[in-house]
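The residues making up each chain are set out below.
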Amino acid sequence: LTTNESDSIRKRVAVLVCPAQFCVPEDYEMLFENLSLLQKEVNVDIASSSQTVPLGRTDWIKVARQLPTRAFLQAELNVKETLDWYFQAIEDGLAQIFEAEGPDVDICLVGHSIGGGVAR
């Protein structure tokens, strides 16, 4: 493809990072800076609405409610009960992206550590 042909078929992708435990959006700023630079070398436009799931460091304290339970000690935690706040934050991040980009944007979920497990 020529440069003009390549530019006309560039995919637009919004990236949503599902962070690791105790990580917050600020921890992934360099990742987004690097993605911005990389998009010039690949056939993808990274949407400006790309973001990290909006979690705070103290949100993880919500998991602590499950620690002194029999389910925790027997490794039988109810995933929805334990991580519903994280699932909701993913939904909030996706809603913000779709509001900004419209329904035709492709989504790339990037999971870091436990964020990868939650994203699955």
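For the structure, see preceding data.
As a starting point, this report considers the structure included with it. (Residues numbered from 1 in each chain as written. Predicted model: local features only at pLDDT ≥ 70, side-chain atom pairs only at ≥ 80, totals over all residues. Heavy atoms only, no water.)

## Comments concerning the packing of aromatic side chains
Stated formally: Centres within 6.5 Å make a pair out of two Phe, Tyr or Trp rings, where for Trp the six-membered ring is used; the pair is then stacked when the planes are under 30 degrees apart, edge-to-face when over 60, and tilted otherwise. Under the scheme used here, helices are H or I runs from DSSP no shorter than 4 residues and strands are E runs no shorter than 2 residues, and both carry numbers assigned from the N terminus.
In this structure the tally under the stated criterion is four aromatic pairs. A ring pair is formed by phenylalanine 22 and tryptophan 60, whose centres lie 6.2 Å apart and whose planes are at 50°; its orientation type is tilted. Highlighted residues: phenylalanine 22 in the loop between strand 1 (11-18) and helix 2 (29-38) and tryptophan 60 in the loop between strand 3 (51-52) and helix 3 (61-64), separated in sequence by 38 residues. Linked through ring pairs, Phe22, Trp60, Trp85 and Tyr86 together constitute an aromatic cluster.

## Looking at unusual backbone geometry
Among all residues save glycine, negative phi is the norm, and among peptide bonds the norm is trans. Rules: The buried label goes to any residue with under 20% of its type's maximum accessible area, the exposed label to any with over 50%, and the partly exposed label to all in between, with areas taken from a 1.4 Å probe on protein chains only.
Its identity as a non-glycine residue notwithstanding, phenylalanine 22 has a phi of 70°, on the positive side. The phi angle at alanine 75 is positive, at roughly 55°, despite the residue not being glycine. Summarising the element assignment, alanine 75 is placed in the loop between helix 4 (70-73) and helix 5 (79-101). With relative accessibility at 70%, the residue alanine 75 sits in the exposed group.

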